[in-house]
Amino acid sequence: MTRAWVVFLVAFLAACAKPGAGDVLSGGESMLKLRSAQTRAFETTDRNRVMRGVVATLQDLGFMVTGADAALGTVSGRKFTADSAGQIYELRVTVTVRPRDERQMLVRANAEFNNKPVEDPAAYQNFFNALGRSIFLAANQAD
Amino acid sequence: MLAYGGLMRAPVLACLALAGCISEPTAPEMLAAPESRARPELQTRRYDGVRPEDLMPVAVAALQDFGFQVTKSDTALGLIVAQRGYQRTFGEYHYEFWQGYWQTLRGAFSFQWSRKPPDPAKMFGPAGVSAAVSIVPAGCGCEVRVSLHRYASRPTGEPILVWAEELAEPEAYRKFFDLLAQALAREVQRK
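Residues numbered from 1 in each chain as written. Chains lettered and ligands numbered in written order. Predicted model: local features only at pLDDT ≥ 70, side-chain atom pairs only at ≥ 80, totals over all residues. Heavy atoms only, no water.

Draft legend 1. Broad picture of the overall build of chain A. When helices and strands are tallied, chain A shows five helices and seven strands. Counted from the first residue to the last, chain A has its helices and strands arranged as α-α-α-β-α-β-β-β-β-β-α-β. By residue count, 42% of the 143 residues in chain A fall in the buried class. Summarising the internal contacts of chain A: among those between residues at least 6 apart in sequence, 52% fall at separations of at least 24. (Helix = DSSP H or I, 4+ residues; strand = E, 2+ residues; numbered from the N terminus. Buried < 20%, exposed > 50% of the residue type's maximum accessible area, 1.4 Å probe, protein only. Contact = heavy atoms within 4.5 Å.)

Draft legend 2. Fine view of the interface of chain A and chain B. Each side of the interface is counted separately: chain A has 40 residues, and chain B has 44 residues. Carbon and sulfur atoms supply 63% of the area buried between chain A and chain B, which totals about 3600 Å² over both sides. Sorting the residues of chain A by area buried against chain B places R52(A), Q59(A) and M64(A) first, and these three jointly supply 19% of that buried surface. At the boundary of chain A with chain B, the tally comes to one salt bridge. Salt-bridge contacts for D60(A) lead to R145(B); the nearest nitrogen and oxygen are separated by 2.7 Å. Mapped onto the side of chain A that touches chain B, the elements with two or more residues apiece are α4 (47–60), β2 (64–69), β3 (74–82), β4 (88–99) and α5 (121–135) of chain A. Broken down by element, the residue count for the side of chain A that touches chain B peaks at seven residues, all from α4(A). Here the side of chain A that touches chain B is built from residues that sort into 22 nonpolar, ten polar and eight charged. (Buried area = accessible area lost by both parts, 1.4 Å probe. Salt bridge = Lys/Arg side-chain N within 4 Å of Asp/Glu carboxyl O. Nonpolar A, V, L, I, M, F, W, Y, C, P; charged D, E, K, R; others polar.)

Draft legend 3. Quick look at the side chain of R40(A). All names here are of chain A. Within the fold, R40 resides in strand β1 (residues 39–42). Among the polar contacts listed, one links the side chain of R40 to the side chain of Q125, at a separation of 2.7 Å. Residue contacts for R40: discarding those within four places in its chain leaves M105, L106, V107, Q125, F128, A139, N140, Q141 and A142. (Polar contact = N/O pair within 3.5 Å; in protein donor to acceptor, adjacent residues only side chain to side chain.)

Draft legend 4. Molecular detail of the environment of L9(A). Residues and elements named next belong to chain A. Locating L9 in the fold gives a position in helix α1 (residues 2–14). Owing to a relative accessible area of 48%, L9 belongs among the partly exposed residues under this scheme. Each C-alpha atom of the pair L9 and G67 lies 51 Å from the other, and the pair is 58 residues apart in sequence.

Structure representation (structure tokens):
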């Protein structure tokens, strides 16, 4: 009987524990894999050309472009859709463009689907396929 | 007994089958390139002999003519983002009210694993239109692309977006480009 109370007390107190920063900012091997899926290198030195391509790609995909900063190299967009039951789904995307070396530009896209990070490499592959077509350049795996 | 058991299971299986019919969209689907090229063509016009930096203020003037407020712009990139409020017509309001009502009823009487809320955009949130105008160099002039989205904010009134859909009506894009041409003609006359 005493043991049951101890188990109950431990379970009760465990529920009071707050998640630490480690849970919020988790990383590790999965983060490296995700970064690799999110990043492509393009054989060009023209940053503005790539950024304009990103804007055009988001417009092609039906995104609402919400902001862009050429100096920082970021473009953001949002897209909504609904299923047949009326449930709404939102996809947010931020794309950054920065020089990798004297020959290449590095493009990284990160997406959030209904407030959860998108970890499916197929989603990023689809985006980079569309971007490659838009700027007439082949996307190379960065890592 | 066996027949009775089968009879009892049939509605459960039917409900499960119906629940399975609601297909949820996924991120890869939403990032896949559309097959049709009709919309980009509808959204794009080319202006020969006009530099992008000259067309930027003209596009802003055209947006102002429509009552848009410019919320973000980047000259280096040739991008203008603007928004304006949108007053629903009585017909639209009526339609959206009954659609929301129908969705609520359907949610209450259909078998679902979790209760799906009705589409808030189809209810009462303040509505608006967002325009993203992109002006890029093309040949000896420039190319203008505008994408228009109708959006709805949270029904409680905060400016938090809960829904947006791209406008597909060619009329909206034609009107924008007509006004842009008029603003461009005024600018040429002024110079």
